[in-house]
Amino acid sequence: QVQLVESGGGLVQAGGSLRLSCAASGRTPRSYAMGWFRQAPGKERETVATISWNGYTVYYTDSVKGRFTISRDNALNTGYLQMNSLKPEDTAVYYCAVDRFRASGGRTSSDYDYWGQGTQVTVSS
């Protein structure tokens, strides 16, 4: 069993920044991809960004390219999502997740096995 705990969410004005963290513990696989997802009220869960087990391959959804940066520190079993130039439409609950079976990480939420509890990000206009 893998436990994931997100932190770093909060309320920020448009144009501001937040850094989300995702700490993995428990029986973490030797190598695993990580992903960040978000879900706004009344909307489906959306893939925000993914990162391969070694950090070399990343993916961003178009709406966050150039504003968000995904990274990881394998020594700490922690992943990060740096969010800059935040917009009100970025408001959502953000989740991190682990994909044990794809080195580069799947592109859809169904590819991910373990999930954190989520952290709220609210961007005011």
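See the structure shown above.
Residues numbered from 1 in each chain as written. Predicted model: local features only at pLDDT ≥ 70, side-chain atom pairs only at ≥ 80, totals over all residues. Heavy atoms only, no water.

## A word on the environment of Arg107
Convention followed: Secondary structure follows DSSP: runs of H or I at least 4 residues long count as helices, runs of E at least 2 residues long count as strands, and numbering of each begins at the N terminus. Every residue pair with non-hydrogen atoms within 4.5 Å of one another is taken to be in contact.
With respect to the helices and strands, Arg107 occurs in the loop between β9 (92-99) and β10 (114-115). Separated by 48 residues in sequence, Arg107 and Tyr59 have C-alpha atoms that sit 8.2 Å apart. Residues contacting Arg107, with those up to four places away along its chain left out, are Thr47 and Tyr59.

## Points about the packing of aromatic side chains
Going by this rule: Ring geometry is summarised as follows: Phe, Tyr and Trp rings, the Trp one being its six-membered ring, pair when their centres sit within 6.5 Å, and such pairs are stacked at plane angles under 30 degrees, edge-to-face over 60 and tilted between the two. Exposed residues in this analysis have more than 50% of their type's maximum accessible area, buried residues have under 20%, and partly exposed residues fall in between, with area computed by a 1.4 Å probe over protein chains only. Comment: the charge-over-ring label is applied if NZ (Lys) or CZ (Arg) is within 6 Å of the ring centre and within 35 degrees of the ring normal.
Counted according to the given criterion, the structure contains 4 aromatic pairs. A ring pair is formed by Phe37 and Tyr112, whose centres lie 5.0 Å apart and whose planes are at 75 degrees; its orientation type is edge-to-face. In this pair, Phe37 is assigned in strand β4 (residues 33-39) and Tyr112 in the loop between β9 and β10, connecting sequence segments 75 residues apart. Here the aromatic rings of Phe37 and Trp115 are separated by 4.8 Å at their centres, their planes lie at 50 degrees, and the arrangement is tilted. In this pair, Phe37 sits in strand β4 while Trp115 sits in strand β10, placing the two residues 78 residues apart along the sequence. When its relative accessible area of 26% is taken as the criterion, Trp115 is described as partly exposed. Each residue in the set Phe37, Tyr95, Tyr112 and Trp115 is aromatic and connected to the rest through ring pairs, giving one cluster. Its end group placed over the ring of Tyr32, Arg72 keeps NZ or CZ at 4.8 Å from the ring centre.

Limitation: the analysis is restricted to geometry and does not speak to function.
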